[in-house]
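# Structural overview
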2 protein chains.
Amino acid sequence: MTPVEKLCAAVRSAAPSVAGLDTGTKNRVLCALADRLLEEETVRAILEANSIDMERGRESHMPEGRLDRLLLNRERLSQIAEGVRQVALLPDPIGEILEESVRPNGLHIRKVRVPLGVIGIIYESRPNVTADAFALTFKTGNAVVLKGGSDAIASNLAIVSAIKDVLSGNGISPDAVGIIASTDRKDAAEFMSMREYIDVLIPRGSAGLIRAVVEGSRIPVIETGSGNCHIYVDESADLDKAVPIIINAKTQRIGVCNAAESLVVHEAVKERFLPLLLSSMNEHHVELRADEESIGLLPGAVPATEKDFGTEYLDYILSVKTVSSLDEAIRHINRYHTGHSDAIITEDEAAAERFLNEIDSACVYVNASTRFTDGFEFGFGAEIGISTQKLHARGPMGLRELTSYKYKITGNGQVRA
Amino acid sequence: MTPVEKLCAAVRSAAPSVAGLDTGTKNRVLCALADRLLEEETVRAILEANSIDMERGRESHMPEGRLDRLLLNRERLSQIAEGVRQVALLPDPIGEILEESVRPNGLHIRKVRVPLGVIGIIYESRPNVTADAFALTFKTGNAVVLKGGSDAIASNLAIVSAIKDVLSGNGISPDAVGIIASTDRKDAAEFMSMREYIDVLIPRGSAGLIRAVVEGSRIPVIETGSGNCHIYVDESADLDKAVPIIINAKTQRIGVCNAAESLVVHEAVKERFLPLLLSSMNEHHVELRADEESIGLLPGAVPATEKDFGTEYLDYILSVKTVSSLDEAIRHINRYHTGHSDAIITEDEAAAERFLNEIDSACVYVNASTRFTDGFEFGFGAEIGISTQKLHARGPMGLRELTSYKYKITGNGQVRA
């Protein structure tokens, strides 16, 4: 066995014991971990490890943004600990009876929520994901194999070491969590082929990372993240609602997947609306990339190419497309979006209903900002990512999306006729 | 575009219109199809096509069993029509509100069941799957690309031609169904790479076919079928219940995935139980492959090798393994089964509970035959296959397993703070 296979096999053998833990035990372990992450000795060990990563990052001229994502300090560590404690407070979905029936032959069938088994998580710079992903997968009775970014290896190893310590201290196999510390691409490829040991792989990070996992994995993947979100201003829009929603969706946080990237506007309102848009976007330093039909109303805008409509800028840039009908808006959005989140601004109920039904996205909004696509905003109390696929989970994924189910059938000697 | 890509793209473009059909329209189309499959002209066209397939099969010395699966006649065609009509009678899961909440900020969130989009089905000899798979996917608002076995190409094309005719006659794009008629392996591989157009691929057929799809597909796959089902006779089993359950699970239909392939027996009951087993298995001409601890009590049995415990015989063969505890039984089964269906025969509630919880299978039984793992027996009214994976769907898959969901969020100007 190679080191990667050995690690995955060890986590797989620990999975049944994690799956069998009761809610009280799981919560006790999570609280113990939260406590541990605040203990001086652990804090020092993690911060020391993080300073190694930071130094390596600076030496390799890592951009400021990435250095900041990599950085841990006492405040961030206590936020991480608080996050773990919050997961302990959430209701445990495992064991929930989803359906129950007694068949005419007397068979009693229960559909019961169970863990998925072993979850693999592939992520990038942020070391907080290490603790967060462990807490969410452990709470749902899953074992987990983590593969963080090579930038953060020392920090991740220090956090995993604290987790393993807490598991052992509570009589649980430390193999319930494994971390692939290699930076070798061959090992990443091998990890993604471990179908025998890992039930699902969840990539968290940039569009590039997600694409690499989707294309390279032999394990089923839940595709997350990439969001080319559109806002459509309908001919019957209340323009006073439209402007603050667009400002919020575009500028409240630019680097996130639920930020708006493209504005679609009905030609009937463009002359009234676009000047309003322009002044608010100028105020927020947003560059506009406009189509032929709108650019005349948007002094300072640059001409949009087709590529713009399909681009997730993650920046202070917004593309503008004019349409002559709701139909055209729906067609345009379904063509260029990533199926994440899209919104219509309208006072027309029929238009809203058609948009809700016909836009093929995880989350479709009427008169609200796309920024609400988030496990916490949806009331899930947690979030492991936002799925842009339709299989298994779609939209924000909380604890329940980390579970499967099984059928438990009890009889008294029934045989099939 | 290659022919395969062109076909998949055409089905993808038809998908939104199918997704938007109301229940009444979908049911009318299905009833019209059932009628059409009984019309003399259609019957003749399909049977003529089938006779071409049959002749080709005989010429290539296809075994009797496969020839029989390939054969269509008037009786089988009316069963197929009746199957399509039954699907029309089932409740439509699309549009079901799965959850609904109003957030503190006033956002109204509804989680609504929607079609998956485009489903790909890869299957083998039986041409009845063509009509059946279309009916189930159409009822759930999905478009479908079919790829049947090369043996049955003429029959499948004739059935699809009838379907397309009925669709057109009802004002629906005939591209809602596509069939890949090529027998070229390159085209099969290309089909399995059409991730852009197809949301999920469901293989139906032999273990070999399923493995080939799981290994070759770039589209998410729902793994179905392979069933190495175990029955465990506990030390506290009622042996009078055990014997008929094992006879049923092993012999009622040998070639199916929910048939029992292996018996696990507690050593405390082996001396009382194995002679009972032997006489009933002899009566049903079942060959026993027994481990060292049991073979002495089973005159005529052949020694089991480790390979036997992991084999899905689909034949009149049963392996026998002796264990000294429930723990050992659970470990043994979880090691060798395929996660499909396993049963315990016991009068001990604690043992039953542990078995239900700790056996990692889609369906776990207490005192009943594994043969009940079936969409119809579970009351789903339909079945597209039995999933042995944990993602998206597990166990028998009915209409609901062919759906996804989306979030519809309505507000009145909410922005994120």
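## Things to note about the overall build of chain A
- Scanning chain A from N- to C-terminus turns up 15 helices and 16 strands.
- Its C-alpha atoms give chain A a radius of gyration of 24 Å, near enough to 22 Å, the size a compact globule of 417 residues would have.
- Expressed as lengths along the three principal axes of its C-alpha atoms, the size of chain A is roughly 70 × 70 × 35 Å.
- Contacts in chain A between residues at least 24 apart in sequence constitute 71% of all its contacts with a sequence separation of at least 6.
- Here chain A displays about 16,200 Å² of accessible surface, and carbon together with sulfur accounts for 50% of that area.
- For chain A, the distance from the average position of its 45 positive side-chain charges to the average position of its 59 negative side-chain charges is 7 Å.

## As for the interface of chain A and chain B
- Contacts between the two partners involve 72 residues from chain A and, on the opposite side, 72 residues from chain B.
- When the two sides are added together, the surface that chain A and chain B hide from each other amounts to roughly 5,700 Å², 47% of it contributed by carbon and sulfur.
- At the boundary of chain A and chain B, one finds eight salt bridges.
- In this structure, the salt-bridge partner of R400 of chain A is E99 of chain B, at a minimum N-O distance of 2.9 Å.
- Put simply, chain A and chain B have 47 residue pairs in polar contact (both at pLDDT 80 or more) between them.
- Considered class by class, the residues forming the side of chain A that touches chain B number 31 nonpolar, 19 polar and 22 charged.
- As paired strands, strand β13 (residues 363-368) of chain A and strand β16 (residues 403-414) of chain B are joined by five bridges and run parallel to one another. Bridge pairing links V366 of chain A to T410 of chain B in β16 of chain B.

## What about the relation of the copies chain A and chain B?
- Its rotation angle being 180°, the transformation that places chain A on chain B also includes 0.0 Å of axial translation and leaves an RMSD of 0.0 Å. Both copies are brought into coincidence by an operation consistent with a two-fold rotation axis. The C-alpha atom lying nearest the rotation axis in chain A is that of H392 of chain A; the distance is 1.8 Å.
- Of all interface residues in chain A, 100% are interface residues in chain B too; the two copies therefore contact each other through one and the same surface.

## Description of the pairing of strand β2 (residues 108-115) of chain A
Residue and element names in this part refer to chain A.
- For β2, the buried fraction is high: seven of the eight residues fall into the buried class.
- With five bridges joining them, strand β1 (residues 97-102) and β2 adopt antiparallel strand pairing. Across the sheet, I97 pairs through a bridge with V112, a residue of β2.
- Pairing of β2 with strand β16 (residues 403-414) involves eight bridges; the strand directions are antiparallel. Looking at β16, one finds that R110 is bridged to K408.

## Some remarks on the packing of aromatic side chains
- Scanning the model with the defined rule gives 14 aromatic pairs over all chains in all.
- Seen from their ring centres, Y405 of chain A and Y407 of chain A are 5.7 Å apart, and the 80° between their planes marks the pair as edge-to-face.
- On the basis of relative accessible area, Y405 of chain A is assigned to the buried category, the value being 9%.
- Accessibility expressed as a relative area gives 2% for Y407 of chain A, which makes it buried.
- Plain terms: the ring middles of F134 of chain B and F138 of chain B are 5.1 Å apart, the flat faces sit at 25° to each other, and that makes the pair stacked. In this pair, F134 of chain B and F138 of chain B are both assigned in helix α6 (residues 128-139), four residues apart and thus about one turn of the helix distant.

## Things to note about the packing of helix α2 (residues 23-36) of chain B against α6 of chain B
Residues and elements named next belong to chain B.
- It is at 10 Å that the axes of α2 and α6 come closest, and there the two elements cross at 165°. Between α2 and α6, the crossing angle belongs to the class labelled roughly antiparallel. Pair α2 / α6 crosses with left-handed handedness. For the pair formed by α2 and α6, the contact residues are K26, N27, V29, L30 and L33 on the first element and F134, A135, F138 and K139 on the second.
- Classifying every residue of the contact of α2 with α6 by side-chain character gives six nonpolar, one polar and two charged.

## Quick look at the sheet that holds β1 of chain A
- With mixed pairing, the ten strands of this open sheet are ordered in space as β1(A)-β2(A)-β16(A)-β13(B)-β12(B)-β7(B)-β8(B)-β11(B)-β9(B)-β10(B). Of all the strands in the sheet, just β1 of chain A together with β10 (302-303) of chain B have a single pairing partner and so form its edges.
- Pairing geometry for strand β9 (residues 287-290) of chain B and strand β11 (residues 317-323) of chain B, over four bridges, is parallel. Note that in β11 of chain B the partner of L288 of chain B across the bridge is L318 of chain B.
- Helix α10 (residues 239-251) of chain B rests against β16 of chain A together with β7 (229-233), β8 (260-266), β11, β12 (341-345) and β13 (363-368) of chain B of the sheet, and its axis sits at about 170° to β7 of chain B.
- Of the strands in this sheet, β7, β8, β9 and β11 of chain B are in contact with helix α11 (residues 267-283) of chain B, which crosses β8 of chain B at around 145°.

## A few points about the pattern of salt bridges
- Under the definition given, this model contains 52 salt bridges over all chains.
- For the salt bridge of E287 of chain A with R289 of chain A, the shortest nitrogen-to-oxygen distance reads 2.7 Å.
- Given the relative accessible area of 32%, E287 of chain A is considered partly exposed.
- Salt-bridge contacts for D360 of chain B lead to R394 of chain B; the nearest nitrogen and oxygen are separated by 2.9 Å. With D360 of chain B in the loop between α15 (349-358) and β13 and R394 of chain B in the loop between β14 (385-387) and β15 (395-397), the pair connects residues that are 34 residues apart, well separated along the chain.
- Several salt bridges share partner residues, and in doing so they unite R36, E39 and D165 of chain A into one network.

## Quick notes on the pairing of β13 of chain B
Residues and elements named next belong to chain B.
- Where burial is concerned, most of β13 is hidden: six out of the six residues are buried.
- With four bridges connecting them, β12 and β13 associate as parallel partners. The residue of β13 that forms the bridge with S341 is C363.
- Each parallel crossover has a hand, and the one from β12 via α15 to β13 is right-handed.

What counts and what doesn't
Residues numbered from 1 in each chain as written. Chains lettered and ligands numbered in written order. Predicted model: local features only at pLDDT ≥ 70, side-chain atom pairs only at ≥ 80, totals over all residues. Heavy atoms only, no water. Helix = DSSP H or I, 4+ residues; strand = E, 2+ residues; numbered from the N terminus. Rg over C-alpha atoms; globule rule 2.2 N^0.38 Å. Contact = heavy atoms within 4.5 Å. Areas by Shrake-Rupley, 256 points an atom, 1.4 Å probe, with all protein chains shown as cover. Lys, Arg positive; Asp, Glu negative; His and termini not counted. Charge placed at Lys NZ, Arg CZ, Asp CG, Glu CD. Buried area = accessible area lost by both parts, 1.4 Å probe. Salt bridge = Lys/Arg side-chain N within 4 Å of Asp/Glu carboxyl O. Polar contact = N/O pair within 3.5 Å; in protein donor to acceptor, adjacent residues only side chain to side chain. Nonpolar A, V, L, I, M, F, W, Y, C, P; charged D, E, K, R; others polar. Pairing = 2+ DSSP bridges. Least-squares fit on C-alpha atoms with pLDDT ≥ 70 in both. Buried < 20%, exposed > 50% of the residue type's maximum accessible area, 1.4 Å probe, protein only. Phe/Tyr/Trp six-rings, centres within 6.5 Å; stacked < 30°, edge-to-face > 60°. Axes fitted to C-alpha atoms, helices over the stretch in contact; angles between N-to-C directions. Parallel < 35°, antiparallel > 145°, perpendicular 65-115°, else oblique. Left-handed = near helix turned anticlockwise from the far one by under 90°. Right-handed = clockwise from strand over helix to strand, strands pointing away.

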